[in-house]
Amino acid sequence: MTSSQPLAVGLIGTGRMSSFHAETLARRLPGVRLAALADPAPGAARRLGDRLGCSTAHTDVAELLADPRIDAVVIATPARTHADLVEAAARAGKAVYCEKPMATTLADADRAIAAAGKAGVPLQVGFNRRYDTAFRAAHDKITAGGIGTPQLLRSLPRDPGLADPSRIPPWTIFLETLIHDFDTLRHLNPGAEPVEVFAMADALVRPDFKDRGLLDTAVVTIRFGNGALATAEAGFQAVYGYDVRGEVFGSNGMLTMGDIRRTHLTAYGPDGITADCTSYDQDLFQEAYVAELADFTDSVRTGRTPYVTGQGARAALTIALAAVRSVTSGGPVRIADLDDH
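The structure contained in this document is the topic of the report that follows.

Analysis parameters
Residues numbered from 1 in each chain as written. Predicted model: local features only at pLDDT ≥ 70, side-chain atom pairs only at ≥ 80, totals over all residues. Heavy atoms only, no water. Pairing = 2+ DSSP bridges. Helix = DSSP H or I, 4+ residues; strand = E, 2+ residues; numbered from the N terminus. Contact = heavy atoms within 4.5 Å. Axes fitted to C-alpha atoms, helices over the stretch in contact; angles between N-to-C directions. Core = buried A, V, L, I, M, F, W, Y, C linked by side-chain atoms within 4.5 Å. Buried < 20%, exposed > 50% of the residue type's maximum accessible area, 1.4 Å probe, protein only. Salt bridge = Lys/Arg side-chain N within 4 Å of Asp/Glu carboxyl O. Disulfide = S-S within 2.5 Å.

## Side note on the sheet that holds strand β7 (residues 150-158)
Here is step 1: With mixed pairing, the 7 strands of this open sheet are ordered in space as β12-β11-β7-β10-β9-β8-β15. Bordering the open sheet on either side are β12 (253-257) and β15 (333-334), each of which pairs with just one other strand.
Here is step 2: Both strand β8 (residues 194-202) and β15 contribute to a ladder of 2 bridges, which runs antiparallel. By the bridge assignment for β15, E196 is matched with R334.
Here is step 3: In the packing of helix α8 (residues 179-187) onto the sheet, contacts are made with β7, β8, β9 (217-224) and β10 (229-235), and the angle to β7 comes to roughly 155°.
Here is step 4: Lying on the sheet, helix α11 (residues 310-329) is in contact with β8, β9 and β15; it crosses β8 at an angle near 55°.

## Remarks on the nonpolar core
Side chains that are nonpolar tend, in soluble globular proteins, to be buried together.
Here is step 1: Grouped together as the largest cluster of nonpolar side chains are 104 residues, with contacts concentrated most on F174, L178, F182, V220 and I222.
Here is step 2: In this structure, I222 is in contact with F182, L185, P194, E196, V197, A228, L229, A230 and I319, ignoring residues within four places of it in sequence.

## Topic: the pattern of salt bridges
Here is step 1: One pass over the structure, following the stated rule, counts 23 salt bridges.
Here is step 2: Of the charged contacts in the structure, one is a salt bridge between R16 and D281, with a shortest N-O distance of 2.8 Å. On the criterion of sequence distance, the pair formed by R16 in helix α1 (residues 16-28) and D281 in helix α9 (residues 281-284) is long-range, its members being 265 residues apart.
Here is step 3: Judged by its relative accessible area of 12%, D281 falls in the buried class.
Here is step 4: Among the ionic pairs, R111 bridges to E87, the shortest N-O distance being 2.5 Å.

## Describing the state of the cysteines
Here is step 1: Summed over the entire model, instances satisfying the criterion amount to 0 disulfides.
Here is step 2: Left unpaired, C54 is separated from the closest cysteine sulfur, that of C98, by 20 Å.

Right, here's the structure in full:
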């Protein structure tokens, strides 16, 4: 690739998030080209490619990875496949962007990180909240000492609805939902690492699926090495919309992030005060989703380290796995005692 050539990116996966990323690569990033798509489902890659003007579609991911014209790959497939695909892409010499979680065990995370390191390729993981304007500004203000020493932190996602609980793998609430918040809490407490985790979870939205392993409501407390205490909570059904917020209380002030309102319009009428709310993650975080891929493609061009690295993703996974163990054991789990290998 020369500086005058567009960066050729291959996308693995054609689901909901994959389709958004595909549109970003095809239409939203100057100097970037959606060069190929791959999905094992017959016709899936071809249909998405036809819609976006990408003529190269595969059902065999290996064919995409073997293409010497591809500079980088974006992986947006089911979580259980991520580590193997990161390793395969790195071995093929491709820069790698992987949706969260990068892996579901620490051993797999280490394997993925090692593969990227050995190949000398960038590895970025999709923690989009770091690219949200408010969350990024909060991090910068905290780093600059703007609220003193962080003491209490809070992060929460509440999804707008639980559609089909039978399709949700066990421990999803920690490994795929709250893992965003675990990364966020680390990001908003710069330089500190978690030392202890205690979690509680239950099936309160769909209790009839609890015996099948569903957990749809959870609260996690985290103690950090600098003394700060944090909570992360999640619920799979907020009837009012998609709700993502954060808060950091420090020795010299407080910061809050997140606003569920679709606009700043508030209506005052005979039925009270109302405001339209966001109900879709790709609406609430559209700019952040684009910004993270812009960061990835820029890091490929320049050789700099991405803002969200494989090691950062491993750290968030460690908290998630500690939460799983805490729910299983019924007690707190020290991070130092966590050994998933």
